[in-house]
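# Understanding the architecture of this molecule
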Amino acid sequence: MGAPCAHPQCCDWGVQIMQEFITRAKQKVEQAELYRISARETPVRFENNRLLSIDSAEQIVYALRIIKDGKLGFATSSSADLDQLLTMAMATARFGREWDVELPGAAPTRELEIYHQATVDVPLDQMVNSGQELIDVLRDVHPEILAGIDLSKTVLNVELANSNGFNHKYTKNLYAMSGYAELMEGKNLLAVYSGFATGKLANQAEKLKQYLEANIRAGRKNVAVASDHYPVIFTPWALPDILRPLLASADGKAVEKGFSPWKGKLGQQLFAPEISLYDDATLAWGPESRPFDDEGVPTARNSIIERGKVNSFLLDLATAKALGMQPTGNGFRGRASDLPSPGTSNIILESSDTTGLEAMIKATRRGVIIHELMGAWAGNPYSGQVSGNIALGYLIENGEIVGRLKDSMVSINCFQAFKNQIDAVSTEKEWTENYLLPHVKFTDVSISAKK
């Protein structure tokens, strides 16, 4: 039996019910795994500078994975009728793929800092006031700004039990806030977006306000740039697009299928020795932190790249079995109703050699700083090539930001960039979604601009 939930006021189910069902299911199938998630969410939404809605909703999903006659069956439901769920899963197993993977057995789980009562107790009035305050600040910059703000606080209860004796649950919370501001002046459209998600609310809302306000002020002046190669600073808000090929290459499924260029290259020095990349689901208050993955494998701080060497892949049970390796606790469900597959938790980029952001900008005689890309997700990630429109970026001249770039694109091969084009990495880091990243300055990056 799993450890008692530290927050029983949030839980309305239990390990005993899970175990009783698994015992019944085991009489009909070789293996069974029951996943239950309940989410209580309170969203507040502003649109076009006005409060649009306040809501409160709870959703519960049950997902059952079974192995019968060596084949995989899977079914999901919002109903607590588990016997019907078992019947559905057994029906799908007749057409399921073969499965010879052993589910995890009983094991202790770690206590993590993933539930913060004060953040859960943030009053609704405070959420509304926080959104309205942000809109007021942006409209003080310019009265014609149209802003949209989304806030939400969520409490998740996750329970997982299987026929090999694993039976644990955890409770975590998440507070999220994002802001979007749009200003049309003549034919010039300026759009700025940012947001955060955290388990522990501190000063993130103030930092979001400062970011949006600063970029609305700075973005109203446009400057021209000639197509050429420049030193380019990718901020933490743009860097996830540049990291995407690295994470795609570390995906266990891509390695298993042979798509990944990293297959057979564990331990090889493919990148600059000062760079390390981690997937860490144990980070306190991280938006994707949790004690075990959606298959019951303990989570950990996994080093994907360690000092420039490919160190590990992101593996769920199936890909670990196929590759003859150990699972890394990265078997996640994109949605509650999905089967687990290799995925990321909190992504952290680190460098052993850092400098301050201000010094990084001051040292740039003529270059570009990019906050946001558009369309950079398209294309083949395994080539390493990333190209996209610069949705929000600025020209730097003689160490000063002089104006916003329009109608321009960036193109960079991230494999080459992280190998031999790193000029500087900032000491400062920022959270954006599930990424904790520094600012990274690369040399010789292609910028193309409309004439």
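Notes on the structure follow. (Residues numbered from 1 in each chain as written. Predicted model: local features only at pLDDT ≥ 70, side-chain atom pairs only at ≥ 80, totals over all residues. Heavy atoms only, no water.)

This brings us to the overall build of the chain. Looking only at helices and strands, the chain has 10 helices and 21 strands in total. Here the chain has a C-alpha radius of gyration of 24 Å; the compact-globule value for 451 residues is 22 Å, and the two agree. In the chain, which comprises 451 residues, the share counted as buried stands at 53%. A separation threshold of at least 6 residues defines the contact pool for the chain, and within that pool the share at least 24 residues apart is 71%. Of the roughly 19,900 Å² that the chain leaves accessible, carbon and sulfur atoms contribute 49%. One finds the centroid of the 46 positive side-chain charges in the chain at a distance of 4 Å from the centroid of its 54 negative side-chain charges. (Helix = DSSP H or I, 4+ residues; strand = E, 2+ residues; numbered from the N terminus. Rg over C-alpha atoms; globule rule 2.2 N^0.38 Å. Buried < 20%, exposed > 50% of the residue type's maximum accessible area, 1.4 Å probe, protein only. Contact = heavy atoms within 4.5 Å. Areas by Shrake-Rupley, 256 points an atom, 1.4 Å probe, with all protein chains shown as cover. Lys, Arg positive; Asp, Glu negative; His and termini not counted. Charge placed at Lys NZ, Arg CZ, Asp CG, Glu CD.)

Turning our eyes to something else, we now look at the packing of aromatic side chains. Following the criterion strictly, the structure yields 9 aromatic pairs and no others. Seen in terms of ring centroids, Phe234 and Phe442 are 5.8 Å apart; in terms of plane orientation they differ by 65°. Their pairing is edge-to-face. Of this pair, Phe234 sits in strand S9 (residues 228–234) while Phe442 sits in strand S21 (residues 435–449), placing them 208 residues apart in sequence. Judged on exposure class, the residue Phe234 and its partner Phe442 are both buried. With 6.2 Å between their ring centres and 40° between their planes, Phe259 and Tyr382 make a pair best called tilted. Of this pair, Phe259 sits in the loop between helix H7 (252–257) and strand S10 (275–280) while Tyr382 sits in the loop between strand S16 (366–374) and strand S17 (385–397); the two residues are 123 residues apart in sequence, bridging distant segments of the chain. Residue classification places Phe259 among the exposed positions, given a relative accessible area of 53%. With a relative accessible area of 26%, Tyr382 lands in the partly exposed category. An aromatic cluster of at least three residues, connected via ring pairs, comprises Phe166, Tyr170 and Phe292. A cation over a ring is seen here: Arg301 above Tyr278, with NZ or CZ 3.9 Å from the ring centre. (Phe/Tyr/Trp six-rings, centres within 6.5 Å; stacked < 30°, edge-to-face > 60°. Lys NZ or Arg CZ within 6 Å of the ring centre and 35° of its normal.)

Take the pairing of strand S18 (residues 400–405) next. The pairing of strand S8 (residues 222–223) with S18 spans 2 bridges and is classified as parallel. Within S18, the position partnered with Val223 by the bridge is Leu405. Where S17 and S18 come together, 4 bridges link them in antiparallel fashion. Across the sheet, residue Glu397 finds its bridge partner in S18, namely Glu400. Between the antiparallel neighbours S17 and S18 lie 2 residues, among them Asn398 with a positive phi of about 50°. (Pairing = 2+ DSSP bridges.)

This part covers the environment of Ala106. By secondary structure assignment, the location of Ala106 is in the loop between helix H2 (82–93) and helix H3 (117–120). Sequence separation between Ala106 and Leu156 is 50 residues; the distance between their C-alpha atoms is 23 Å.

Turning our attention to the nonpolar core. Core analysis: the biggest nonpolar cluster contains 49 residues, and Phe234, Ile242, Leu246, Trp262, Phe418 and Phe442 have the highest contact counts within it. Element by element, the count of residues in this core is highest for S21, at 7 residues. Listed in part, the 33 residues of the second largest apolar core include Tyr175, Ala181, Ile233 and Leu392. (Core = buried A, V, L, I, M, F, W, Y, C linked by side-chain atoms within 4.5 Å.)

A word on the layout of surface pockets. By volume, the largest pocket amounts to about 1,300 Å³. Around the largest pocket sit 50 residues that line it, and Leu174, Pro287, Glu288, Gly334 and Glu433 are the ones nearest its centre. Those elements giving two or more residues to the lining of the largest pocket turn out to be strand S1 (31–47), strand S3 (57–68), strand S5 (146–162), strand S6 (167–185), strand S7 (188–198), helix H6 (239–250) and S16. Considering every element that reaches the lining of the largest pocket, the biggest residue donor is S6, with 6 residues. A class-by-class count of the residues in the lining of the largest pocket yields 24 nonpolar, 14 polar and 12 charged. In this structure, the second largest pocket occupies an estimated 670 Å³ of space. Taken together, 31 residues make up the lining of the second largest pocket; nearest its centre are Lys207, Leu208, Tyr211, Trp237 and Glu430. Where the lining of the second largest pocket is concerned, the elements lending two or more residues are S7, helix H5 (204–218), helix H9 (357–362), S16 and strand S20 (422–432). Ranked by the residues each element gives to the lining of the second largest pocket, the list is headed by H5, at 8 residues. (1 Å grid on protein atoms, 1.4 Å probe; cavity = no way out; pocket = protein on both sides within 12 Å on 5 of 7 lines; lining within 4 Å. Points joined across faces, edges and corners; volume = space filled by probe spheres on them. Nonpolar A, V, L, I, M, F, W, Y, C, P; charged D, E, K, R; others polar.)

Here H6 spans 17 Å end to end across 12 residues, near enough to the 16 Å set by a 1.5 Å rise per residue. Counting buried residues in H6 gives 10 out of 12 residues, a clear majority hidden from the surface. Among the residues making up H6, those that are buried are Leu239, Pro240, Ile242, Leu243, Pro245, Leu246, Leu247, Ala248, Ser249 and Ala250. (Expected span 1.5 Å × (residues − 1).)

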